[in-house]
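A structural walkthrough
Spelled out, the chains give:
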Amino acid sequence: MNKKSIVQAVMLATALSAPFAMAADKPVVGLITKTNTNPFFVKMREGAQHKADAMGIELRTFSGKFDGDNQSQVQAVENLISAGAKGILITPSDPAGIVPAIERAREAGLLVIALDTPLSPATAADATFATDNFKAGEMIGQWAAATLGDKAATAKIAMLDLNSSQITVDVARDQGFLKGFGIDLNDPDRIGDETDPRIVGNDVTSGAEEGGRRAMENMLQKDPEINVVYTINEPAAAGAYEALKSAGRADDVLIVSVDGGCPGVENVKDGVIGATSMQFPLRMASMGVDAILKFATTGEKPQTTEGLDFVNTGVELITDKPVSHIGAKSSSEGLTMCWG
Amino acid sequence: MANSSTLKTTETADHELVAASAGGEVASFEKETLSLVEKTHRFFHANPTAAPAIVLLLAVIAFSIIIGERFLHPFNMSLILQQVTIIGILGIAQTLIILTAGIDLSVGAIMVLTSVIMGKMAIDIGLPAEIALLAGIAAGAIAGYINGILVTLFRLPPFIVTLGTWNIFFALNLWYSKSETIRSQAIEQTAPLLHWTGHTVEFFGAKLTYGSLLMVALFALIWYALNWTAWGKHVYATGDDPGAASLAGIRTNRILMSVYIVAGAICAIGAWALIGRIGSVSPQAGMTANLDSITAVVIGGCSLFGGRGSIFGTLIGALVVGVFRNGLALAGVDVLWQEFTVGLLIIVAVGMDQWIRKV
Amino acid sequence: MNNDKATVLQARGLVKRYGHVTALDGADFDLYPGEILAVIGDNGAGKSSLIKALSGALVPDRGTVKLDNETVNFKSPMDARNAGIETVYQNLAVAPSLDIADNLYLGREQLRPGILGKVFRMLDKKAMHDNARQKLSELGLLTIQNINQAVETLSGGQRQGVAVARSAAFAKHVVIMDEPTAALGVKESRRVLNLIKDVRDRGLSVVLISHNMPHVFEVADRIHIHRLGKRHAVIKPDTHTMSEAVAIMTGAMDPHEHASGAFAA
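Please read these numbers as outputs of a predicted model, since none were measured by experiment.

Notes on the overall build of chain C
A count of helical and extended segments in chain C gives 9 helices and 10 strands. By its C-alpha atoms, chain C is 65 × 40 × 35 Å across when sized along the principal axes. Counting every position in chain C, which comprises 265 residues, the buried fraction comes to 47%. For chain C, contacts bridging at least 24 residues in sequence account for 66% of all contacts bridging at least 6.

Notes on the overall build of chain A
A count of helical and extended segments in chain A gives 11 helices and 12 strands. Taken against the 2.2 N^0.38 rule, which gives 20 Å for 340 residues, the C-alpha radius of gyration of chain A at 22 Å falls within 12% of a compact globule. The principal-axis extent of the C-alpha atoms belonging to chain A is close to 75 × 40 × 35 Å. Expressed as a percentage of its 340 residues, the buried residues of chain A come to 56%. The long-range share in chain A, meaning contacts at least 24 apart out of those at least 6 apart in sequence, stands at 70%.

A word on the sheet that holds strand S1 (residues 28-33) of chain A
In a beta sheet, neighbouring strands pair by backbone hydrogen bonds and run either parallel or antiparallel. Residue and element names in this part refer to chain A. The strand order S2-S1-S3-S4-S5-S11 describes an open sheet built from 6 strands, whose pairing is parallel. Looking along the sheet, the strands with just one partner apiece sit at the ends: strand S2 (58-63) and strand S11 (311-312). Pairing of S1 with S2 involves 6 bridges; the strand directions are parallel. Paired with Thr-33 across the strands is Ser-63, a residue of S2. Each of S1, S2, strand S3 (87-90) and strand S4 (111-115) is contacted by helix H2 (residues 39-55), which is oriented at about 170° to S1, the strand it contacts most. Packed onto the sheet, helix H3 (residues 70-82) meets S1, S2 and S3 and runs at close to 180° relative to S1.

Here we look at the interface of chain B and chain A
In this complex, chain B contributes 26 residues to the contact, which on the side of chain A involves 27 residues. Here the side of chain B that touches chain A is composed, by residue class, of 9 nonpolar, 13 polar and 4 charged.

Thoughts on the pairing of strand S9 (residues 222-227) of chain C
Residue and element names in this part refer to chain C. Counting buried positions over the 6 residues of S9 gives 5, a clear majority of the element. Two elements, strand S3 (residues 36-41) and S9, share 5 bridges in a ladder whose sense is parallel. Within S9, the position partnered with Ala-38 by the bridge is Ile-223. Across 5 bridges, the pairing between S9 and strand S10 (residues 230-235) is antiparallel. Residue pairing in the sheet places Ile-223 in a bridge with Ile-235 of S10.

Things to note about the nonpolar core
Judged by nonpolar contacts, the single largest core of 276 residues is most densely connected at Ile-113 and Val-229 of chain A together with Leu-208 of chain C. Not counting the four nearest positions on each side in its chain, Ile-113 of chain A is found in contact with Gly-87, Leu-89, Ala-125, Asp-126, Ala-127, Thr-128, Phe-129, Gly-288, Ala-291 and Ile-292 of chain A. Judged by nonpolar contacts, the second largest core, of 5 residues, contains Phe-134, Val-169, Ala-172 and Ile-191 of chain A.

Thoughts on the arrangement of the chains
The assembly contains 2 pairs of chains in contact; the pair sharing the most contacts is chains B and C. One finds no contact between chain A and chain C; the C-alpha atoms of the two approach each other to within 37 Å at their closest.

What to know about unusual backbone geometry
Pro-121 of chain A follows Ser-120 of chain A through a cis peptide bond whose omega is 10°. On the secondary structure map, Pro-121 of chain A appears in the loop between S4 and strand S5 (127-130). Look at Arg-155 of chain B: it is not a glycine, yet its phi comes out positive at around 55°. Residue placement: Arg-155 of chain B occurs in the loop between helix H7 (129-152) and helix H8 (158-177). Residue classification places Arg-155 of chain B among the exposed positions, given that 9 C-beta atoms sit within 10 Å. A positive phi angle, close to 55°, is found at Lys-178 of chain B, a residue other than glycine. Along the chain, Lys-178 of chain B falls in the loop between H8 and helix H9 (184-190).

A word on helix H3 (residues 50-67) of chain B
All names here are of chain B. In a regular helix each residue adds 1.5 Å, so 18 residues correspond to 26 Å; H3 covers 26 Å between its end C-alpha atoms and thus fits that length. Among the residues of H3, those classed as buried are Ala-51, Pro-52, Val-55, Leu-56 and Phe-63. Along the long axis of H3, the arc covered by the buried residues comes to 135°, so they all point the same way. Among the exposed residues of H3, those oriented more than 90 degrees off its buried face are Ile-54, Leu-58, Ile-61 and Ile-65. Packing partners of the buried residues in H3 comprise helix H2 (36-46), helix H4 (69-72), helix H14 (289-299), helix H15 (311-330) and helix H16 (335-357). Where H3 terminates, the next one or two residues include Gly-68, which has phi positive at roughly 100°.

A short note on the packing of helix H7 (residues 209-222) of chain A against helix H8 (residues 234-246) of chain A
Residue and element names in this part refer to chain A. Taken N-terminus to C-terminus, the directions of H7 and H8 make an angle of 45°; their axes are 6 Å apart at the nearest point. By the angle between their directions, the pair H7 and H8 is classed as oblique. In this structure, the crossing between H7 and H8 has a hand that is right-handed. Taken together, the residues of H8 that come into contact with H7 (itself represented by Glu-209, Glu-210, Gly-211, Gly-212, Arg-213, Met-216, Glu-217 and Leu-220) are Pro-235, Ala-236, Ala-237, Ala-238, Gly-239, Ala-240, Glu-242, Ala-243 and Leu-244.

Let's talk about the confidence of the model for chain C
Here chain C averages 86 in pLDDT, and 96% of its residues register 70 or above. This complex was scored by the predictor with a pTM of 0.85 and an ipTM of 0.84.

Looking at the environment of Ala-236 of chain A
All names here are of chain A. Within the element layout of this structure, Ala-236 appears in helix H8. Assessed through the 31 C-beta atoms surrounding it within 10 Å, Ala-236 is described here as buried. For the pair formed by Ala-236 and Ser-257, sequence separation is 21 residues and the distance between their alpha carbons is 8.6 Å. Discounting residues that sit within four places of it in the chain, Ala-236 has contacts with Leu-160, Thr-205, Gly-207, Ala-208, Gly-211, Gly-212 and Thr-231.

Points about the UniProt feature "domain: Periplasmic binding protein" (unreviewed entry) in chain A
This chain's UniProt record puts "domain: Periplasmic binding protein" (unreviewed entry) on residues 29-299 of chain A. Annotation note: span residues 29-299 of chain A, helix share 45%, strand share 18%, distance between end C-alpha atoms 15 Å.

Comments concerning the confidence of the model for chain A
Overall, the predicted model of chain A reaches an average pLDDT of 89, with 92% of residues at or above 70. Predicted confidence in chain A is weakest over helix H1 (residues 3-23) of chain A, with a mean pLDDT of 60, and strongest over strand S8 (residues 228-231) of chain A, with 97.

So, the packing of helix H6 (residues 107-124) of chain B against H14 of chain B
Residues and elements named next belong to chain B. Interhelical geometry of H6 versus H14 gives an angle of 130° and a closest axis separation of 6 Å. By the angle between their directions, the pair H6 and H14 is classed as oblique. From H6, Val-107, Gly-108 and Met-111 reach across to H14, where they touch Ala-289, Asn-290 and Ser-293. Taken together, the residues that form the contact of H6 with H14 break down as 3 nonpolar, 3 polar and no charged.

Some words on the environment of Arg-198 of chain A
Residue and element names in this part refer to chain A. Structurally, Arg-198 can be placed in the loop between helix H6 (168-181) and strand S7 (199-204). Given 16 C-beta atoms within a 10 Å radius, Arg-198 is considered partly exposed. Measuring from C-alpha to C-alpha, the distance between Arg-198 and Asp-69 comes to 36 Å, with 129 residues separating the pair along the chain. Ignoring anything within four residues of it in the chain, the contact list for Arg-198 reads Ala-155, Lys-156, Ile-157 and Ile-183.

Looking at the pairing of strand S2 (residues 21-31) of chain C
Residues and elements named next belong to chain C. In the sheet, strand S1 (residues 9-18) pairs with S2 via 8 bridges, with the strands oriented antiparallel. Residue pairing in the sheet places Arg-17 in a bridge with Thr-22 of S2. Hairpin connection of S1 to S2: 2 residues between the antiparallel strands, including Gly-19 at a positive phi of 65°.

Examining H7 of chain A
With 14 residues, H7 of chain A extends 20 Å from end C-alpha to end C-alpha; this agrees with the ideal 20 Å at 1.5 Å per step. Across the 14 residues that make up H7 of chain A, a large majority, 13, are buried.

Considerations on the sheet that holds S1 of chain C
Residue and element names in this part refer to chain C. The 4 strands are arranged S2-S1-S4-S5 in an open sheet whose pairing can be described as antiparallel. Edge positions in the sheet fall to S2 and strand S5 (70-72), since each has one partner strand and no second. Averaged over all pairs of adjacent strands, the angle between strand axes in this sheet comes to 30°, irrespective of strand direction. Where S1 lies against strand S4 (residues 62-67), 5 bridges are found, and the strand directions are antiparallel. From the neighbouring strand, Gln-10 faces S4, where its bridge partner is Lys-66.

What counts, and at which threshold
Residues numbered from 1 in each chain as written. Chains lettered and ligands numbered in written order. Predicted model: local features only at pLDDT ≥ 70, side-chain atom pairs only at ≥ 80, totals over all residues. Helix = DSSP H or I, 4+ residues; strand = E, 2+ residues; numbered from the N terminus. Buried ≥ 20, exposed ≤ 12 C-beta atoms within 10 Å, placed from the backbone. Contact = placed C-beta atoms within 7 Å. Rg over C-alpha atoms; globule rule 2.2 N^0.38 Å. Pairing = 2+ DSSP bridges. Axes fitted to C-alpha atoms, helices over the stretch in contact; angles between N-to-C directions. Nonpolar A, V, L, I, M, F, W, Y, C, P; charged D, E, K, R; others polar. Core = buried A, V, L, I, M, F, W, Y, C linked by C-beta atoms within 7 Å. Expected span 1.5 Å × (residues − 1). Arc of directions from axis to C-beta. Parallel < 35°, antiparallel > 145°, perpendicular 65-115°, else oblique. Left-handed = near helix turned anticlockwise from the far one by under 90°. pLDDT = per-residue confidence, 0-100. UniProt positions renumbered as here; feature names shortened; annotations may be inferred.

Okay, structure coming up:
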């Protein structure tokens, strides 16, 4: 026998034995997050664990060491294939780079669902359960414009994004906000190419408080009269608020954000953040586990939400200063639904 | 043996001839004539902090010209000082360790862990803020002690040790905090002392935070210790030539332990500055702090091989990075180029250090 | 052997064994005040073990060491140093990036008097610099341009000068020098040899370990020849020739056969 057929024989034997090994055990589902530090993913994991325990599923969790750590996620996928998992839930750090590993998983018969961030191309996964990040941005943009009323025409806007990599989540929220506010997008797949004079500038925050503070300080130096601040997430918003407080402008500026974490909703209650778009990571994870179980028992794959190429896990506007024709929930209601 | 006496006389005579012809002084320190390059080299060798100081000055001048009054305004200058405060404080800790020819990859992790300890003790457990603060500093010292033990007792290379403790401290941080943030408002209500480093005082149009002033005070204190106490000389000697240091009677292990413990405590003070700046206690803070602190030390002219470098060089190194980041942001330059510039500064700094080191 | 003069440093019957290897086999040693005693011996003769026992780097299994006629038990080089025996090591033990004054006082820094010294632990830099300058010029190290110069900028001979000056400054009785001219060229060796003589002339006794016969014969008052773990002979440069010294050292010549006897006074 030549080398190739030996390898094939071994693989066949392994593949055949895997279901025998797993037959008596609980079905295995893998959850691979970008990192295990961001509370978003921590809560997602907790939600998945909860659901898995309730449904008698063994959940195996993995994560990258940092945002962008593709290698760890690839290894996790491979581990899950050889463990005979039924399906994988993944928030991809590198939406394009993870695709070959995902294809191998699907060839091996696993159901792969992307959570929060679509793969590139999105069809590389069997399904995507995500927040409509564009809508999330759009809602807070509309809210900001409506709250300012006439003053929206002369607003001064600071855009506090995630980083310089132009990743999908970052771009979607940024561009969604601008569209909602009423600003021409130029290229909707690119941050920072807009020409509207109301935009003072873009800066990056790494999605954390320190970055938020520094970016806000630098923006204020460019134009001390900024009165609207878009932030990529609530930690960045908290940092931006500290800078505004230090500059004595906290009461004159509208801060909007995305996430719906409990600290963020508390900040809405305290007036730090004007409005935030809430995401539902636990719902994402829970729906994902459900879908894999269904696939494992009936072979049925999940359907996408109408009009979108992913399953919308929902987004809600949380604010204590609602404006007409934009549906919103108050911060107290938000506190019952928040995560983290 | 008949010839022995004649042989001896001849040898002695030869010797005396040589002795007579050689110069009389044992060793003298002669005046030499030097070229401009050599003079520059001499100057920088004697004053390693001069190079980053010159870079800082040139950068401030350049950005003032490009951006104008908004850059040079006292408010912006004090803003830059605020922006470098945390890294400056961590840089002090890092400088001490690098002076001993070590390196500490865990400074950022110690900072975040101690910030979480301070926050949890004050808010969740409800201890008085002063106690929480001291507990955090003690925890920092203990973390430093762990690093020190592994380096001295187990003789493991500092790079490897702190690579390991970085992960360990970070994991402890996530576990203790459950990845949850303690909000600024909660801290302001229950333990406002933790925010003290963020409060400001006005000074001729500049807004200085107590955190920045604390940083400058720490720099001065450590400068004194390094230059005016025997301990400081021993730290330099231990990093420069540990064999020579122990032959001279210096207990190098004790010196190393003291350096790591002090560094850990300083990281905890950095945590206090962090809480003052970002308001909240966030387990995700300080992700890049480790490498940023090393960057400040390297650009400041401290040699990674130990035994050389001024502590104020680190302050200048931190300011150089701060000025470039602030200036490029004000000039509207894409963030990518900020990263590029910092990388360039590091390479130039290390290259200069190598050239300066040559005797 | 002259038992009339009092010895500064004396050892009797030193024994040190490492398993099957005997490094010191009942070795004796005598050093008189104000002399340069060279210690020579072939490789493996045990002379470095002897020196280590005298300087506290080695604790002998048996035997006594007396300093100024009082028995001492050195457990570490620091003990010997504290008793006034300074050693100039072959690698000099100077911190290259520190300056001359720093190095002179390394490990025994002087503090300012009063509160500044006791509470703030402030170094008395002026006093140390002044003392350093004085010590160096006492030993004929002329025209110090810059005592703040880092030691690494000095030449080999200049560094050796600093190391010798350090030992001379702090020694109370004895300076041990291990191969001081080994790494130096002709001119610099000359200078260091003169320096060694100066140290002796200032009242200290010098133990000089060296492989360099011409240097030994130039400066030594007496020469202790070590062989097979014992003191084999003591000769003088004016009674013996270099070739005879080498012959005795290697065993080619029986020291007792010499006209002046095995132990020249």
